[in-house]
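# Fold and geometry: a report
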Amino acid sequence: MNLRLSIDRMVDEATLWIGAHWLQIAMATAAGIAIYFVLNLLRGWSIKLCRRGEGAANWYSILGRAFARTGQIFMMLVAARLVIGYSDAPAWLATTIVTLFTISAVFQAALWAREIVFGTIEHRTRDHERNSRALVNALGIIRLLVTIALFAIALVVALSNLGVNVTGLVTGLGIGGIAIGLAAQGVFADLFAALAILFDRPFRIGDSISYDKGAGSGTVEAIGLKSTRIRGGPGEERIIANKKLLDFEILNTTRRLRNRFKFDFFLGYGTPPDVILEVPALLKDAVESEGYTLIHGGVNGFAPHGLSYDVEFESLEADFPPEARDRVTAAILRRFRDHDISFAYPTQVNLLAEKTKPTPPARDRDDDEDGDTGR
């Protein structure tokens, strides 16, 4: 009965309002329709931005895709909210429009934020293989997590604006999130590590990497949500957790610009000083004759069995051809033989103590006394 009376009262108020303010209502309605059409034009322009370029390859298309998700109900409520104050509407009508606009605006903002996040993620992963199962699974999980998080926040904000006490709800969500995080912290650690690999891209499928200070190396075959599979040099498959792999220092040999190699050798101490001065030029000539760049070639110290030398040279491309070391070695040997330079070999000298006549044993004092007495 009370509901019927409330409805009758609102109908009477609306009738009196329309009769008294019909001109203002007509002007507000016209303004609202104009605003609605302007918002639709902006939405259509955003849709065109989505079609430019290659999807999420451009930032303007990301924003365009976000605004293209603007709902029709939200645009109508925006128009109504902007003009409701000019028509002197009844309190119950104004309150209803403001409440509906608040709820719609909160969830519309969540939709915009979700599309921007999705577009940003796709922008970061656009160079990955689109048919990568790990990437598809990761994007699916990210979409689910982002959607749940954003709409949970939107629900809390909407309830708070409606006057609902959300303290208990927020506390419950926080405690539940902590409990889930503690229970599955290992899984989430590897999951976020997989996302870091996919987005930060320290390596990709097909790259040759070395990790754990060179203790492990191989070619990346698959990047999963829990682990990464690496094919080792002998042919075995190594499965390592994503979090553990990122804890190591990773050397990506596929992406290196050049490579270096170093020889160590020794020359005897009998090498003439004039020849020692010629050695750096001979090493440089040998290395450059094979088309490589000399980094260092010369003496680096004294060793027990000769003068210690090294020669370090650099490739012009990402790596050396298979015969590079042999060719440089042959060039060095050829020049050393032309200049009668010989290498030192490890030697060992055994020194024997000089043989001397043994000292006679000392005579006993008593024997000496007996001998003296006898005389």
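Quick notes on the rules
Residues numbered from 1 in each chain as written. Predicted model: local features only at pLDDT ≥ 70, side-chain atom pairs only at ≥ 80, totals over all residues. Heavy atoms only, no water. Salt bridge = Lys/Arg side-chain N within 4 Å of Asp/Glu carboxyl O. Buried < 20%, exposed > 50% of the residue type's maximum accessible area, 1.4 Å probe, protein only. Helix = DSSP H or I, 4+ residues; strand = E, 2+ residues; numbered from the N terminus. Pairing = 2+ DSSP bridges. Axes fitted to C-alpha atoms, helices over the stretch in contact; angles between N-to-C directions. Contact = heavy atoms within 4.5 Å. Patch = residues over 30% accessible without salt bridge, like charges linked within 9 Å, V, L, I, M, F, W, Y side chains within 5 Å. Areas by Shrake-Rupley, 256 points an atom, 1.4 Å probe, with all protein chains shown as cover. Phe/Tyr/Trp six-rings, centres within 6.5 Å; stacked < 30°, edge-to-face > 60°.

## Some thoughts on the pattern of salt bridges
Across all of its chains, the model carries 13 salt bridges by this definition. The salt bridge partner of Glu236 is Arg238, with a shortest N-O separation of 2.9 Å. Exposure remark for Glu236: the relative accessible area of 29% places this residue in the partly exposed category. Judged by its relative accessible area of 27%, Arg238 is partly exposed.

## Quick word on the environment of Asp247
Position of Asp247 relative to the elements: it lies in helix α9 (residues 242-247). What makes Asp247 exposed here is its relative accessible area of 56%. When the C-alpha atoms of Asp247 and Tyr211 are compared, they prove to be 9.5 Å apart, with 36 residues separating the residues in sequence.

## Considerations on the environment of Gly44
Mapped onto the elements of the fold, Gly44 is located in helix α2 (residues 22-51). Residues Gly44 and Gly64 lie 20 residues apart in sequence; the distance between their C-alpha atoms is 9.4 Å.

## Here's the deal with the sheet that holds strand β6 (residues 260-267)
Strands sit in the order β6-β8-β7 across an open sheet of three strands; the sheet is antiparallel. Of all the strands in the sheet, just β6 and β7 (293-303) have a single pairing partner and so form its edges. The average undirected angle you get between the axes of adjacent strands in this sheet is 15°. Relative to strand β8 (residues 306-314), β7 is paired through nine bridges, and the arrangement is antiparallel. Each bridged residue has a counterpart across the sheet, and for Leu294 the counterpart in β8 is Phe313. Docked against the sheet, helix α11 (residues 324-338) engages β6 and β8, running at close to 30° with respect to β6.

## Details of the sheet that holds strand β1 (residues 208-211)
The strand order β4-β3-β2-β1-β5 describes an open sheet built from five strands, whose pairing is antiparallel. Each edge of the sheet is formed by a strand with only one pairing partner; in this case those strands are β4 (237-241) and β5 (251-252). Both strand β3 (residues 227-231) and β4 contribute to a ladder of five bridges, which runs antiparallel. Its bridge partner being in β4, Arg231 is matched across the sheet by Glu237.

## Re a nonpolar patch on the surface
Taken together, the side chains of Leu63, Phe67 and Ile116 make up a nonpolar region of the molecular surface, amounting to roughly 250 Å² of accessible area. Position of Phe67 relative to the elements: it lies in helix α3 (residues 59-68).

## Observations regarding the packing of aromatic side chains
For the coordinates displayed, the defined rule picks out 13 aromatic pairs. Between the aromatic rings of Phe313 and Phe320, the centroid separation amounts to 5.4 Å while the plane-to-plane angle is 70°, which identifies the pairing as edge-to-face. Phe320 matches Phe313 in its accessibility class, with the two residues each being buried. Among the aromatic residues, those joined into a ring-pair cluster are Phe261, Phe263, Tyr292, Phe313 and Phe320.

Any functional reading would require information beyond the geometric quantities listed.
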